[in-house]
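Residues per chain, in single letters:
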Amino acid sequence: MAKKSKQSKTLPIYILNGPNLNLLGTREPEVYGYTTLAQVEQMCAKQAASHGLAISFRQSNHEGEIVEQIQEARTGGCAVIINPAGYGHTSIAILDSIQMLKVPVIEVHLSNIHRREPYRNHSYVSKAATGIVMGLGAQGYLRAIDAVAEILKVKK
Ligand code: DQA
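Keep in mind it's a predicted model, so treat the numbers as computed, not measured.

Colleague: What's the story with the site of the ligand in this structure? I'm lost.
Modeller: Around the ligand, the neighbouring residues are Arg 27, Tyr 32, Asn 83, Ala 85, Gly 86, His 89, His 109, Leu 110, Ser 111, Ile 113, Arg 116 and Arg 120. A distance of 2.6 Å separates an oxygen atom of the ligand from a polar atom in the side chain of Ser 111. Arg 120 has a polar side-chain atom sitting 2.9 Å from an oxygen atom of the ligand. Against a free-state accessible area of 320 Å², the protein chains account for coverage of 98% of the ligand. Of the residues belonging to the shell around the ligand, the class tally is 4 nonpolar, 5 polar and 3 charged.

See the structure below:
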């Protein structure tokens, strides 16, 4: 048992980003902020390293590719942090793939989706997430990493 959790801790945290997040920094900065996705990745790598963890940081505009990344995390990751972006509101396929995971899953949104348009108020991913961070901008990713580190420490 102890051996198993030790091994899973050496695996990276999968940090997955959905459609249009490649344009972070220039995309509606008044809503999503001026930090680019490359900067978010750098910040995440640093924060994870401070906990002795590594990351595998991805972005895709394609639903099926995100499903495949989540499937990969079943054996390749110690946890998943996912900003599903627009697919959070629509994708049962992404929910299904998250439901297969045994590792902690933290859902992140830069904006507070409950303060926005009604069609953004519901997220399928929330149904399967261990926890949710929203409304904190890019900092939210860092808080999600802290949460993962805490959860893995408790599990050890
Ligand atoms: C988002 C919120 C979604 O409603 C939107 O489609 C996004 C980004 C966020 O991070 O606030 O693309 O997930």
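More follows now that the structure is in view.
Colleague: Explanation requested: unusual backbone geometry in the structure shown.
Modeller: Residues other than glycine predominantly adopt negative phi, and peptide bonds predominantly adopt the trans conformation. A positive phi angle, near 35°, is found at Glu 28, a position not held by glycine. Position of Glu 28 relative to the elements: it lies in the loop between β1 (13-17) and α2 (29-32). The exposure class assigned to Glu 28 is partly exposed, which follows from its relative accessible area of 37%. With phi around 50°, Ala 85 is a residue other than glycine that occupies positive phi space. With respect to the helices and strands, Ala 85 occurs in the loop between β3 (79-83) and α5 (92-99). For Ala 85, a relative accessible area of 11% gives the class buried.

Colleague: Would you mind showing me how to read the pattern of salt bridges here?
Modeller: According to the stated counting rule, one finds 5 salt bridges in the structure shown. One salt bridge connects Arg 116 with Glu 117, and the closest N-O pair in it is separated by 3.7 Å. Residue classification places Glu 117 among the partly exposed residues on the basis of a relative accessible area of 28%. One continuous salt-bridge network, built from bridges that share partners, spans Arg 116, Glu 117 and Arg 120.

Colleague: It is not clear to me how the nonpolar core should be interpreted in this structure. Could you clarify?
Modeller: A general tendency of soluble globular proteins is for nonpolar side chains to be buried together. If you look at the biggest cluster of nonpolar residues, it comprises 27 residues, and the most contacted ones within it are Ile 13, Ile 15, Val 40, Cys 44, Ile 81 and Tyr 141. The leading source of residues in this core is helix α6 (residues 139-155), at 7 residues. In this structure, Val 40 is in contact with Leu 24, Thr 35, Phe 57, Ala 138 and Tyr 141, ignoring residues within four places of it in sequence. Listed in part, the 15 residues of the second largest apolar core include Tyr 14, Leu 16, Val 67 and Ile 98.

Colleague: Can you help me understand the sheet that holds β3 in this one?
Modeller: For sheets, the rule is that strands pair by backbone hydrogen bonds, running either parallel or antiparallel. Taken together, the 5 strands give an open sheet; going across it, the order is β2-β1-β3-β4-β5, and neighbouring strands pair in parallel fashion. Strands at the two margins of the open sheet, each flanked by one partner only, are β2 (55-59) and β5 (131-134). Within this sheet the neighbouring strands show an average axis-to-axis angle of 15°, counted without direction. The pairing of β3 with strand β4 (residues 105-109) spans 3 bridges and is classified as parallel. Paired with Val 80 across the two strands is Val 105, which belongs to β4. Where helix α4 (residues 63-76) meets the sheet, it contacts β1, β2 and β3, and its direction lies at approximately 175° from that of β1.

Reading the values: rules and limits
- Residues numbered from 1 in each chain as written.
- Predicted model: local features only at pLDDT ≥ 70, side-chain atom pairs only at ≥ 80, totals over all residues.
- Heavy atoms only, no water.
- Near = heavy atom within 4 Å.
- Polar contact = N/O pair within 3.5 Å; in protein donor to acceptor, adjacent residues only side chain to side chain.
- Areas by Shrake-Rupley, 256 points an atom, 1.4 Å probe, with all protein chains shown as cover.
- Nonpolar A, V, L, I, M, F, W, Y, C, P; charged D, E, K, R; others polar.
- Helix = DSSP H or I, 4+ residues; strand = E, 2+ residues; numbered from the N terminus.
- Buried < 20%, exposed > 50% of the residue type's maximum accessible area, 1.4 Å probe, protein only.
- Salt bridge = Lys/Arg side-chain N within 4 Å of Asp/Glu carboxyl O.
- Core = buried A, V, L, I, M, F, W, Y, C linked by side-chain atoms within 4.5 Å.
- Contact = heavy atoms within 4.5 Å.
- Pairing = 2+ DSSP bridges.
- Axes fitted to C-alpha atoms, helices over the stretch in contact; angles between N-to-C directions.

Function cannot be inferred from these measures alone, as they are strictly geometric.
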